[in-house]
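What the coordinates show
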Amino acid sequence: MRGTLVFSGTSCPALTGTICENLGMVPAEADLSQFSNGETSVRILTSVRDKDVFIVQSGSPTINDTIMELLIMISACKGGSANKITAVLPYFPYSRQSKKKSHRGAITARMLANLLNVAGVKHVITVDLHASQMQGFFKCPVDNLHAEPLIARWIRLNIPNWREAVVVSKNAGGTKRVTSLADALKLNFGLVTTDRRRATNMTASMIMNQLDGWDNPPAYVNGYRHSRGVSEDRDSDGNGSARSSRVMTDSQGSPRRANGPTSRTNSSTRSPYARAYHTPSQTSPIEELEGEEDGETHIYNDERAQEVTHGRLVQGHVVADDDPSPIQSAQSDGGADGGADGSQSYQGGDDDPMTHSHASSFFAPEPHALGGSGDAASSDEEDEKLQDPKVEHMITLVGNVKDRPVFIVDDMIDKAGSWIAAAETVVKRGKAKKVCCMATHGVFGADCLEQLQACDCIDQIVVTNSFPIPEKRAKNASKLVIIDLSYLLSEAIRRNHYGESISPLFQHMAD
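Quick caveat, the model's predicted, so the values are computed rather than measured. Per chain, residues are indexed from 1 in the order of the written sequence. A pLDDT threshold of at least 70 governs which residues receive local features in this predicted model, and a stricter bar of 80 or more applies before side-chain atom pairs are shown or counted, although totals over entire chains, interfaces and linings include all residues. Side-chain calculation: all heavy atoms of the structure are included, whereas hydrogens and water are not.

Our next topic: helix H3 (residues 108-119). Comment: elements are numbered from the N terminus, with helices defined as DSSP H or I runs of at least four residues and strands as E runs of at least two. Expected helix span is taken as 1.5 Å per residue step, with the number of steps being one fewer than the number of residues. For H3, built from 12 residues, the straight-helix expectation of 16 Å at 1.5 Å per residue is met to within 8% by its first-to-last C-alpha distance of 16 Å. Buried, partly exposed and exposed residues are distinguished by accessible area as a fraction of the type maximum, computed with a 1.4 Å probe on protein chains only: under 20%, between the cut-offs, and over 50%, respectively. Within H3 the residues assigned to the buried category are Thr108, Ala109, Leu112, Ala113, Leu116 and Ala119. Projected down its long axis, H3 shows its buried positions confined to an angular sector of 145°, all on one face. Among the structural elements, helix H2 (63-79) and strand S5 (84-89) are those in contact with the buried residues of H3. The positive-phi residue at the C-terminal boundary of H3 is Gly120, with phi of around 125°. The directions considered for the arc are those from the helix axis to the C-beta atoms. Residue contacts follow a heavy-atom distance rule, with two residues in contact if any of their heavy atoms lie within 4.5 Å.

See the structure below:
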């Protein structure tokens, strides 16, 4: 392309070379080095005056050096009178720090966006930001491309029975990304969530007996006690009748009360002060009214509950139900005869004066740095909690994956803990027959790739080349599949240079 220069940073020279090959050009020359004290040195070896400059730089194990190198290259091109400078960031650094996680925390992603603006960037091209609202941090246009069409195309071409598959999110924060891919492929989707299991030194029945009805206090009408969900009317013959009531609207929009069939009980056997519980129906209100008018008795069941599977998680792995719990082990280590401070441990009883204080901590949500329970935890925080040997977690799978292939999807793979836990859950509890872990950015921190490779429940690991993976690590991982982003990025660069729309890059390609 005439009037265009593409520079490569030290993080991804191979990706930049492929991009330039697709564009029919060669990477522009620049001397990138470091002084003996670690300072970055940049020299642009070609004229950039009135040129459209694209600088390709991604993340790397030395992320701070690559960021500084990018900023210096932008500043050097700006000083060389470049017409427009576009930063091409396949993986945007510090994207997980897009919000405050504590009162004295920093929004580092916004700070990096400000640094790019000060350096002189006029446009940013990136792929799958961790949070799409990060585009508001920039004072210049941002093209946030998606790798979803490429991943969906790979699924259609490489998974024989992909139409039977289920797309699963390994945490609540990734449901939007998972549902988008599921909608594109017209597949079902599922969800895996983890929750810390509470201590068992006090039975759940004791807590529920003390707190039963705390969120549904009874009402007193004419001296009789009534629950909120059910009205208990007294008939003229003195018998107590429990009648479920429901407020509906007529054709004019006026409220009217629809009463269900009356079930009578003998006053000698049933106290008028006894509470009546209302069982929620799984059918529609119209079907319920038709059945009530005919006097039919409904049998309530919950078929959807069969699609919810629970499991025990200890140190990031699914264990059998009869395995000893680390919570019970910790309590037994404290000793029934006395704790570390010599105090006697309480062994039960219904008259425990601390029941309510225990119950309050039982139902209290985990604290959040900025108040409230917060949203879904980050992958790092989730993995650290899962690896705690003294804490047992309950993992829940929502969705039917039996005898089906499963695609566990997220935006990046950094640590292996939550991925392995989700894979073991869908295989050991959900009886899935094949598991593919898919993400846009294969960061693979520490020995993450080796752990995923060693997991028997994972069949394939699919990522793109947005984040550079050492060639030696990639060859040792037989399950690893890398999707090329060069065509997507080269087309984005071409359309950006000629002022064409990039909307076609978000559409799913035909096979």
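Having seen it, we continue.
Glancing now at the sheet that holds strand S20 (residues 405-413). A pair of strands is treated as paired once DSSP finds two or more bridges between them. On the basis of which strands lie adjacent, the open sheet formed by 9 strands has the order S18-S17-S19-S9-S8-S20-S21-S22-S23 and mixed pairing. Looking at the sheet topology across the chains shown, the edges are occupied by strand S18 (317-319) and strand S23 (480-483). The mean angle between the axes of side-by-side strands here comes to 30°, regardless of whether they run parallel or antiparallel. Here strand S9 (residues 188-196) pairs with strand S19 (residues 392-398) via 6 bridges, running antiparallel. Across the sheet, residue Leu191 finds its bridge partner in S19, namely Val398. To obtain an axis, a line is fitted to C-alpha atoms, over the contacting stretch when the element is a helix, and the angle between two such axes runs from 0 to 180 degrees between their N-to-C directions. The strands that helix H4 (residues 148-158) touches are S20, strand S21 (434-442), strand S22 (460-464) and S23; relative to S21, the one it contacts most, it runs at about 155°.

Moving on to helix H11 (residues 417-429). Along its 13 residues, H11 runs 17 Å from first to last C-alpha, staying within 8% of the 18 Å computed at 1.5 Å per residue. Considered for burial, the residues of H11 that qualify are Gly417, Ser418, Trp419, Ile420, Ala421, Ala422, Ala423, Glu424, Thr425 and Val426. Just beyond H11, the residue with positive phi is Lys431, at close to 65°.

Moving on, we get to the packing of helix H1 (residues 13-23) against helix H14 (residues 486-498). In the contact formed by H1 and H14, the axes pass within 9 Å of each other and the chain directions differ by 55°. Judged on the interaxial angle alone, H14 and H1 are oblique. Handedness of the H1/H14 crossing: right-handed. Where H1 abuts H14, its residues Leu15, Thr18, Ile19, Asn22 and Leu23 lie against Ser486, Tyr487, Leu489, Ser490, Ile493 and Arg494. Each angle is binned into one of four classes, with values under 35 degrees roughly parallel, values over 145 roughly antiparallel, values of 65 to 115 roughly perpendicular, and all other values oblique. Two helices that cross are described as forming a left-handed crossing if the nearer one is turned anticlockwise from the farther one by less than a right angle, and a right-handed crossing if clockwise.

Leu145, Trp154, Ile155, Val167, Phe407, Met438 and Leu489 are the most contacted members of the largest nonpolar core, which has 42 residues in total. Per-element accounting of this core gives the leading share, 5 residues, to H4. With residues up to four places along the chain from it excluded, the contact list for Leu489 reads Leu15, Ile19, Val88, Pro90, Ile125, Val127 and Leu145. Within the second largest apolar cluster, 35 residues are counted, among which are Val166, Ala416, Leu452 and Val463. The term nonpolar core refers to a set of buried residues drawn from Ala, Val, Leu, Ile, Met, Phe, Trp, Tyr and Cys, joined through side-chain atoms within 4.5 Å.

Aromatic ring pairs are defined here through the distance separating the ring centres and the angle between the ring planes. Working definition: rings of Phe, Tyr and Trp (its six-membered ring) pair if their centres are within 6.5 Å, and the pair is stacked with planes under 30 degrees apart, edge-to-face with planes over 60 apart, and tilted otherwise. Within the structure shown, the criterion is met by 2 aromatic pairs. A ring pair is formed by Phe92 and Phe138, whose centres lie 5.5 Å apart and whose planes are at 75°; its orientation type is edge-to-face. Residue Phe92 is located in the loop between S5 and H3, and its partner Phe138 is located in the loop between strand S6 (123-127) and strand S7 (142-145); the two are separated by 46 residues in the primary sequence. A residue is classified by how much of its surface remains accessible, and Phe92, at 2% relative accessible area, is buried.

Where H4 contacts helix H5 (residues 175-185), the axes come no closer than 10 Å and their chain directions differ by 50°. In terms of their interaxial angle, H4 and H5 are classed as oblique. For the pair H4 and H5, the sense of crossing is right-handed. Two secondary-structure elements touch here, H4 through Glu148, Ala152, Ile155 and Arg156 and H5 through Arg177, Ser180, Leu181, Ala184 and Leu185.

Once that is clear, we can look at the sheet that holds S6. Taken in spatial order, the 5 strands of this open sheet run S1-S4-S5-S6-S7, and their pairing is parallel. Looking at the sheet topology across the chains shown, the edges are occupied by strand S1 (4-8) and S7. Mean inter-strand twist for the sheet, computed between neighbouring axes without regard to direction, equals 15°. The sheet contact formed by S6 and S7 spans 4 bridges and is parallel. Across the sheet, the residue bridging to Thr126 is Asn144, located in S7. Packing of H1 onto the sheet brings it into contact with S1 and strand S4 (52-56), and relative to S1 it is tilted by some 160°.

Two side chains that carry opposite charge are able to pair once their charged atoms sit near each other. Salt-bridge detection follows one rule: a side-chain nitrogen of Lys or Arg within 4 Å of a carboxyl oxygen of Asp or Glu. Applying the stated criterion across every chain yields a total of 11 salt bridges. The partner of Glu491 in a salt bridge is Arg495, with the nearest N and O atoms 2.9 Å apart. Of the two residues, Glu491 and Arg495 are both situated in helix H14; the distance of 4 residues between them amounts to about one turn of the helix. The partly exposed category is assigned to Glu491, whose relative accessible area is 22%. Arg495 gets classed as buried once you look at its relative accessible area, which sits at 16%.

Looking now at unusual backbone geometry. Of note, Lys186 is a non-glycine position whose phi angle comes to about 60°, a positive value. Mapped onto the elements of the fold, Lys186 is located in the loop between H5 and S9. On the basis of relative accessible area, Lys186 is assigned to the exposed category, the value being 72%. With phi around 60°, Asp403 is a residue other than glycine that occupies positive phi space. The topology assignment puts Asp403 in the loop between S19 and S20.

We now examine the confidence of the model for the protein. Every residue carries a pLDDT, the predictor's confidence in it, which falls somewhere between 0 and 100. Summing up the model confidence of the protein, the mean pLDDT is 78 and the portion of residues at 70 or higher is 67%. Confidence drops under a pLDDT of 50 for residues 229-247, and excluding neighbours within four residues, the segment shows 62 contacts in the predicted structure. Low pLDDT, under 50, characterises residues 260-281; the predicted model gives this stretch 48 contacts beyond four residues in sequence or across chains.

Glancing now at the pairing of S20. In terms of burial, S20 is largely enclosed, as 9 of its 9 residues are buried. Consider the strands pointing away from the viewer: the crossover is right-handed when the path from the first strand over the helix to the second runs clockwise. As for the winding sense of the linkage, the β-α-β connection from S20 through H11 to S21 is right-handed.

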